[in-house]
Every structure is written in C-alpha cells, then in structure tokens.
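Structural overview for review
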Amino acid sequence: MWVLPRYGRAGVDCPPIAGNFGSDDRMTMARAVRSHEVVNIADLRRLAKRRLPRVVFDYIDGGADGEITLRENCRAFEDVIFRPRCAVATTGTDLRVSVLGTQLDLPFLLAPVGSSRLFYPRGESAAARAAGDAGTGYVLSTLSGSRVDEVRGASTGPVWYQLYLLGGREAAAAAVERARAAGCTALVVTIDTPVAGLRERDARNGTRELLSRQPFTMLPHVWQFLARPRWLAGFLADGGLMDFPNVVLPGGRAMPYADVGAALEQSVVSWSDLRWIRELWKGRTVIKGIHTAEDARRAVNEGADAIVVSNHGGRQLDGVSATIRALPEVIAAVGSRTEVLLDGGIRRGGDIVKALCLGARAVLVGRAYAYGLAAGGEAGVARAIAILRADVDRTLKLLGCASISELDSSYVEVPAAWGARVEPTAPRVGLP
Ligand SMILES: Cc1cc2nc3c(=O)[nH]c(=O)nc-3n(C[C@H](O)[C@H](O)[C@H](O)COP(=O)(O)O)c2cc1C
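Conventions and cut-offs
- Residues numbered from 1 in each chain as written.
- Predicted model: local features only at pLDDT ≥ 70, side-chain atom pairs only at ≥ 80, totals over all residues.
- Helix = DSSP H or I, 4+ residues; strand = E, 2+ residues; numbered from the N terminus.
- Rg over C-alpha atoms; globule rule 2.2 N^0.38 Å.
- Buried ≥ 20, exposed ≤ 12 C-beta atoms within 10 Å, placed from the backbone.
- Contact = placed C-beta atoms within 7 Å.
- Near = placed C-beta within 6 Å.
- Nonpolar A, V, L, I, M, F, W, Y, C, P; charged D, E, K, R; others polar.
- Pairing = 2+ DSSP bridges.
- Right-handed = clockwise from strand over helix to strand, strands pointing away.

A separate point is the overall build of the protein. Counting its regular elements, the protein contains 19 helices and 14 strands. Over its C-alpha atoms the protein spans a radius of gyration of 21 Å, differing by no more than 12% from the 22 Å that the globule rule assigns to 432 residues. Seen through its C-alpha atoms, the protein measures out along the principal axes to roughly 60 × 60 × 45 Å. Expressed as a percentage of its 432 residues, the buried residues of the protein come to 50%. Restricting to contacts in the protein with at least 6 residues of sequence separation, those with at least 24 account for 74%.

The structure is reproduced here in structure tokens:
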C-alpha cells in the first residue's frame, strides 16, 4: 500500500498529480477551512484529525516520550502576561520585520516540517506558495518528498533549506549545491537531532511496520488508511510513499522513505561540521535547536548569522525547557550579536507577540500550518497564516502598539524564576 511508483526522484521532473486528483475534494476542503467555524488553529487541527489516517495525524501532533515538553511549549506562553497601554489609537499596524536582511510582511515564517507530502499531495509546494503569497518565507526540510528547485519555484517569497547530513558529507554537499542553485537564501542547520526522539504514538500506530514493505507485517495497521479513503485517494494519486529526492545517495538514487532514526544516527552534525558547512555554503547560515545560553554563544562564535531557540516542537529530548522560557537566557547571552528566532508551541498570534516582546526577531510556526496543510492543502495553510496574522494585528492594537518594531519587554511580565538557573555542581567523574 505504501510502496507505489514514486515521482520526484533526483533529476526527474515531477509529472502532474495523476488523473484529475479530486478537484471536488479540493474545493470541499477549501470551503471547510474557510468556514466561519474555523476561528483558530485548534479548529484546523480538528479538521486535520478528521481527514488524516491516525498514523499520519499523530506523526504531526505527537511529541517525544511523555510529551512534557510538547505540552509545556504551549502552556508556558500562559505564564507571560501582557502589560497593555490603553487609550492609544492605533489605526494601522505595521507587521513587517527584517530577517537576515530580507523584509517579511509578517513576523513569522513556516518551519521545516518533514514528510509534508504525506499530509497533502505536493504538500511542500502548497505550503511554500501560501507563504510567498502572504509575504513570508518557507523553510524546506531535508526530509521532504519534493525537490528543492520545485518548491523554490512554487513560491514568490524567500525559501530557506534545512540541512541534515543524511547520506554523508558528499550527499549533503550536493544538496547544499542544489539549494544554492535553486535560489534558497539561507541554510538552516538543525543540531538537536543526533537520533530521532521516541514518539510513542508512532510506535503504537505501527509506523515502523508500515514502512517495512512486508505485506504481512503491514497488514494489521493498514486499516488506518482504509478508514480515510479521501486521503488515500490523494496519496495514491500523488505517487504513494515518497522518496527523499533532496538526499541523493552514492549511485544517484534518492534516499528511500525508511527508518529515518537510523539514518540520523549515522549523520550526527557536530560543531566541526558547522565550520565545513559554512565554508561550503558561504551564504547566510542559521543554527536551529538552541536550548541554552552556552550553545547560543557557541553558535555565534562559529559564525551563525541567526539562531533558532527550538526544541524541535517537543519531538526530541523530552523534559527540556519550553522555548519561550529559554528565550530570555539566550537573548541575554547573544541578543546583541545575532538574530534570535524562536519556535515551539505557537498556536495563536498572541504567542508570537509575546516572543517578539521578549526579544525574538521573528518566529517559526510548525504544527500551526501543518494542521492547515493537512486540513485543506494550500487553502488550509493560507487560512492558518490569515488566522495568525489577524491575531497579531489585533493583539498589537489591544496593546496600544502600532508596529512590531516598537515591541519590547515593557509590554510583558514573566515569572521571576525564568532568569534563575541552578549553579553548576562539581562533575560526578569517578563516582560509582
Ligand atoms: C511533523 C513535523 C516534522 C518536523 N520535521 C522537521 C525537520 O525535518 N527538520 C527540522 O529541523 N525540524 C522539523 N520539525 C520541527 C519544526 O521545524 C519546529 O521546530 C517545530 O514544529 C516547532 O514547534 P511547533 O510545531 O509547536 O510550532 C518538525 C516538526 C513537526 C511537527
């Protein structure tokens, strides 16, 4: 079922989606995401859950281990309290920000989300197009089912390429070269994934079994697809289980969709790789996956043009701090030396404004647009962006602030404990 002819291999043009893939379905989905009942990102999540097989929905929605960090990323925004200035008339608001020398119409970009093509046919291009139309940027994951040049060509906005060293240095160097040739304007190196986190929902849903390509092993889990025939029709028309066309292995074959965890373990990125990557790319480099002031300083010393305070949306090491809580420490350490972005837990425009008040130059949103993509393709991503944009605009007006550039920490209050850290203790070397 998963194993079908694939399109989008390295060097092969992507043919159109087979047949006249569900234009009725597409219109129905577009109507659903534009409905008056879709007011916030949670509503898009609900639609996504209704359309996707459980294994795919949980892949987006889930986090690592006990999902403590996943929950905390969202919850911690509740600890940040606004301090508005009332009786201030702000008729027009200016939501523009400058990131890495590029002006964006919105203070958020779309984060790299792997396997987006499972959520919706040609999902990466659909999301990139929606981002460009809204005047913002899209970050393409290495673990995507669409080629970087195809995705770059779909958007009128900036497209950045997120790099994993999958397939080894040679394959990564070739990917970097293709990203440059395609016109990507920044390289995002993710450093928090030396091994894939344990996503318990994926294990229970039989992800590994479904990827085994062994019919008898797959059989007990296939009902999830049969229970979502409309998703299945789109998936099959899009060529079935994709390869990763941006990871071209020695011999010229695109990396097949398989156990990504094992592949990541064989391609851990280290600080010494970063030096090599910067020399190779020569353009703007962003380091994603910063949790602490120490790593932030290291990244800046290694020449990062920007960093992303990120814990991978709670999908890697469970129990790490919510990103909004880690932000003040990172800003205090490197805020004057580099551009600091943040992602994790953003579900409302108010969350975005809080992060900007605490010093982030802009944020990335992951699940917020992935739910939209899964609920209604490009229309769903556009709806997610419109919801967040309207939230940010309204929040600024309610704060009595006319533009993003005027936001600062005086508009918020954070718990006193956020600045405090336990003093380092002596190393336990030699203890039994
Ligand atoms: C389904 C899914 C796949 C992801 N794939 C990648 C990836 O391939 N590379 C990467 O750097 N981050 C990846 N991320 C992490 C996001 O870039 C981002 O850090 C995270 O989604 C932010 O948290 P949020 O979803 O709460 O907004 C992924 C996140 C999700 C939800």
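Picking up after the structure, the text goes on.
Counting buried residues in helix 6 (residues 123–133) gives nine out of 11 residues, a clear majority hidden from the surface. Taken as a whole, helix 6 has its buried residues at Gly123, Glu124, Ser125, Ala126, Ala127, Ala128, Arg129, Ala130 and Ala131. Close packing links the buried residues of helix 6 with strand 4 (108–110), helix 5 (116–119), strand 5 (138–140), helix 7 (148–154), strand 6 (159–163) and helix 19 (367–399). Where helix 6 ends, the next residue or the one after it, Gly135, has phi of about 85 degrees, a positive value.

The next thing to look at is the environment of Leu106. Turning to its location among the elements, Leu106 is positioned in the loop between strand 3 (102–104) and strand 4. Residue classification places Leu106 among the buried residues on the basis of 24 C-beta atoms within 10 Å. The spacing of Leu106 and Ala32 is 74 residues in sequence and 25 Å in space, taken between C-alpha atoms. Non-local contacts of Leu106, meaning those with residues more than four positions away in its chain, are made with Leu95, Ala134, Gly135, Thr136 and Arg389.

Contacts to the ligand come from 25 residues, most closely from Gly114, Ser141, Gly313, Gly366 and Arg367. Mapped by element, the contributors of at least two residues to the shell around the ligand are helix 3 (54–61) and helix 19. With three residues, helix 19 is the single largest residue contributor to the shell around the ligand. Classifying every residue of the shell around the ligand by side-chain character gives 10 nonpolar, 11 polar and four charged.

Where burial is concerned, the two faces of strand 11 (residues 306–309) agree: the one with Ala306 and Val308 and the one with Ile307 and Val309 are both buried. The pairing of strand 10 (residues 284–290) with strand 11 spans four bridges and is parallel. Across the sheet, the residue bridging to Ile290 is Val309, located in strand 11. Once the chain exits strand 10 it traverses helix 16 (residues 293–301) before rejoining the sheet at strand 11, and the crossover so formed is right-handed. Two elements, strand 11 and strand 12 (residues 339–343), share four bridges in a ladder whose sense is parallel. By the bridge assignment for strand 12, Val309 is matched with Leu342. With helix 17 (residues 323–334) bridging strand 11 and the parallel strand 12, this β-α-β connection has right-handed handedness.

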